[in-house]
Amino acid sequence: MTYPKLLTIQDISCVGQCSLTVALPIISACGIETCVLPSAVLSTHTAGFSGYTFRDLTEDMPAINAHWQKEGICFDAVYTGYLGSTKQIDYVKMILDTTKKAEGLSVVDPAMADNGKLYPGFDMAFVEAMRSLCAKADFVVPNITEAALLADLPYKTVYDREYIDQLLAKLTALGCKGIILTGVSYAEGRTGIVVLENGKYAYYEHELLPNSCHGTGDIYASALVGALVRGKSAYDAAAIAANYTMECIKATAKLDNHWYGAAFEPVLGKLIAAIEA
Ligand code: PXL
């Protein structure tokens, strides 16, 4: 008997509840063996802290992969998040090709931007490289800012279904297969997730909570990946991840001075229950 083994490639922000410190516990809680390849080590994430340290681990990647090849190590799923450099994306593509089982799942969260802006340190060369990684994935999980950058379309905060269809068409033309587009709001007080799979559009709508938290993109993508690997359909996985992310945001709203991330740990049981249902 075996159970699924997943590789996630993203940074370690030592403090800040994002990237690997979120992905590792969430995906493990979904009952999946979770292996990691840190893309960089930062003292904190880059949103709201100043003076953070940043050690880029790009040059460690080929040797790590070579060792895995020698050991015959491969994965049922590979999930990438925040990456450390443009050059790193070439290594990540090679690692995806060499370590993912042929029938395995690949999910790329092009974690590089939010609220209309690239995160500090990223530029359009990184966006261009990210396009080529997205083209290799079974599912990409952008927010609207990331989708607009990848699609080379203007970022909009007010839009209709036509704009979303344009984003989806451009991403599809880039070679993206499944698209799970987060933070899509068609009505006041509501938001949701668009799921495009095999050219079929579906939308999971839910309430828009009054508060938002840093790191919810990573929580969302990790829960989504966990649910997909556990055999949920793309739509069900998108909904499970959205419901869990909302629970995390609600749990965070009760806390004092918790501005840097979302309290995903106290509500992990709800995610596990949804996965097991
Ligand atoms: O949550 C995405 C993310 C991941 N890693 C680092 C970040 C961010 C967003 O700002 O700074 C280092």
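Shown above is the structure to which this text applies.
The structure contained in this document is the topic of the report that follows. Within each chain, residue numbers correspond to sequence positions counted from 1 in written order. Residue-level local features of this predicted model are given only where pLDDT is at least 70; pairs of side-chain atoms are given and counted only at 80 or more, and the full residue set underlies all totals for whole chains, interfaces and linings. Only hydrogens and water are set aside when side-chain values are computed; all heavy atoms of the structure are taken into account.

## Here's the deal with the pairing of strand β2 (residues 33–44)
Note on pairing: DSSP must find at least two bridges between two strands before they are called paired. Each helix is a run of DSSP H or I of at least 4 residues and each strand a run of E of at least 2, with the numbering of both proceeding from the N terminus. The pairing of strand β1 (residues 5–15) with β2 spans nine bridges and is parallel. Within β2, the position partnered with Ile12 by the bridge is Val41. By convention, orient the strands away from the viewer: a clockwise path from the first strand over the helix to the second makes the crossover right-handed. Traced from β1 through helix α1 (residues 20–29) to β2, the parallel crossover comes out right-handed. Two elements, β2 and strand β3 (residues 54–56), share three bridges in a ladder whose sense is antiparallel. The residue bridging Ala40 from the neighbouring strand is Asp56, located in β3.

## Brief notes about the site of the ligand
Near residues are defined by distance, with any heavy atom within 4 Å of the molecule or strand qualifying the residue. As a matter of local geometry, the ligand sits amid Asp11, Ser13, Cys18, Ser19, Leu42, His45, Thr46, Ala47, Tyr82, Tyr119, His214 and Asp218. Contacts to the ligand include Thr46, whose side-chain N or O atom sits 2.7 Å from an oxygen atom. With respect to the ligand, the side chain of Asp218 contributes an N or O atom lying 2.7 Å from an oxygen atom. Methods summary: accessible areas were calculated by the Shrake-Rupley approach with a probe of 1.4 Å, and residue burial reflects only the protein chains presented. Notes on the ligand: free accessible area 310 Å², of which the protein chains cover 98%. Looking at side-chain class alone, the shell around the ligand contains five nonpolar, five polar and two charged residues. Identification of polar contacts relies on pairs of N or O atoms within 3.5 Å, with a donor-acceptor requirement for protein atoms, meaning one able to donate a hydrogen and the other able to accept it, and with residues adjacent in sequence counted only if both atoms are side-chain atoms. Residues are grouped as follows: Ala, Val, Leu, Ile, Met, Phe, Trp, Tyr, Cys and Pro are nonpolar; Asp, Glu, Lys and Arg are charged; every other residue, Gly included, is polar.

## Looking at the sheet that holds β3
Read from one edge of the open sheet, nine strands run β3-β2-β1-β4-β5-β8-β9-β10-β11, paired in mixed fashion. Looking at which strands have only one partner, the edges of the open sheet turn out to be β3 and β11 (200–207). With two bridges joining them, strand β5 (residues 100–108) and strand β8 (residues 139–140) adopt parallel strand pairing. Counterpart to Val108 in the pairing with β8 is Val140. A contact between two residues is defined here by any heavy atoms of the two lying within 4.5 Å. Every angle, taken between N-to-C directions, lies between 0 and 180 degrees, and every axis is a line fitted to C-alpha atoms, over only the stretch in contact when it is a helix. Contacts from helix α8 (residues 234–253) reach β8, β9 (178–181), β10 (190–197) and β11 within the one sheet, and its direction differs from that of β11 by about 20 degrees.

## Focus: the packing of aromatic side chains
By convention here, two paired aromatic rings are described through the distance between centres and the angle between planes. Only centres within 6.5 Å qualify two rings of Phe, Tyr or Trp (six-membered ring in Trp) as a pair; their planes then separate them into stacked at under 30 degrees, edge-to-face at over 60, and tilted for everything else. In total, this model carries nine aromatic pairs according to the counting rule given. Centre to centre, the rings of Phe49 and Trp259 are 4.7 Å apart; their planes meet at 50 degrees, and the pair counts as tilted. Of this pair, Phe49 sits in the loop between β2 and β3 while Trp259 sits in the loop between α8 and α9 (268–276), placing them 210 residues apart in sequence. When the ring of Phe122 is compared with that of Phe126, the centres are 4.1 Å apart and the planes differ by 25 degrees; the resulting orientation is stacked. Taken individually, Phe122 and Phe126 each receive the classification buried, so the pair is uniform in this respect. Grouped by ring-pair contacts, the aromatic residues Phe49, Trp259 and Tyr260 constitute a single cluster. The ring of Tyr201 has Arg161 lying over it, and the distance from NZ or CZ to the ring centre is 3.4 Å. Buried means the residue's accessible area, taken with a 1.4 Å probe over protein chains only, is under 20% of the maximum for its type, while exposed means over 50%, and partly exposed covers the values in between. Placement of a charge over a ring requires the Lys NZ or Arg CZ to be within 6 Å of the ring centre, with the centre-to-atom vector within 35 degrees of the ring normal.

## Some words on unusual backbone geometry
We note that Asp152 has phi near 60 degrees; this positive angle belongs to a residue other than glycine. Within the fold, Asp152 resides in the loop between α5 (144–151) and α6 (161–174). Asp152 gets classed as exposed once you look at its relative accessible area, which sits at 59%. Its identity is not glycine, yet Asn198 carries a phi of approximately 50 degrees, on the positive side. In this structure Asn198 comes out as exposed when scored by relative accessible area, which is 76%.

## Considerations on the nonpolar core
We define the nonpolar core as a collection of buried residues of types Ala, Val, Leu, Ile, Met, Phe, Trp, Tyr and Cys that are connected through side-chain atoms lying within 4.5 Å of one another. Ile26, Ile180, Tyr220, Leu224, Tyr244 and Leu271 are the most contacted members of the largest nonpolar core, which totals 47 residues. Where this core is concerned, the elements lending two or more residues are α1, β4 (75–80), β5, β10, α7 (216–229), α8 and α9. Considering each element in turn, this core owes the most residues, twelve residues, to α8. With sequence-adjacent residues up to four places away left out, Tyr220 is seen in contact with Val141, Ile180, Thr182, Ile193, Ala238, Ala241, Ala242 and Thr245. Formed by 46 residues, the second largest nonpolar core is a distinct cluster that contains Met61, Leu133, Val140 and Val194.

## What about the packing of α1 against α7?
At a closest axis distance of 9 Å, the pairing of α1 and α7 adopts a crossing angle of 30 degrees. Taken together, α1 and α7 sit at an angle that is classed as roughly parallel. As α1 runs across α7, the sense of the crossing is right-handed. Along the contact surface, α1 presents Val22, Ala23, Ile26 and Ile27, while α7 presents Asp218, Ile219, Ser222, Ala223 and Val225. Split by residue class, the contact of α1 with α7 holds seven nonpolar, one polar and one charged. Comment on the angle field: the value is read as roughly parallel under 35 degrees, roughly antiparallel over 145, roughly perpendicular from 65 to 115, and oblique elsewhere. Crossing chirality is assigned from the near helix's rotation relative to the far helix, an anticlockwise turn below a right angle marking it left-handed and a clockwise turn marking it right-handed.

## Regarding the environment of Ala29
Within the secondary structure, Ala29 is located in helix α1. Measuring from C-alpha to C-alpha, the distance between Ala29 and Leu271 comes to 8.4 Å, with 242 residues separating the pair along the chain. Non-local contacts of Ala29, meaning those with residues more than four positions away in its chain, are made with Leu268 and Ile272.

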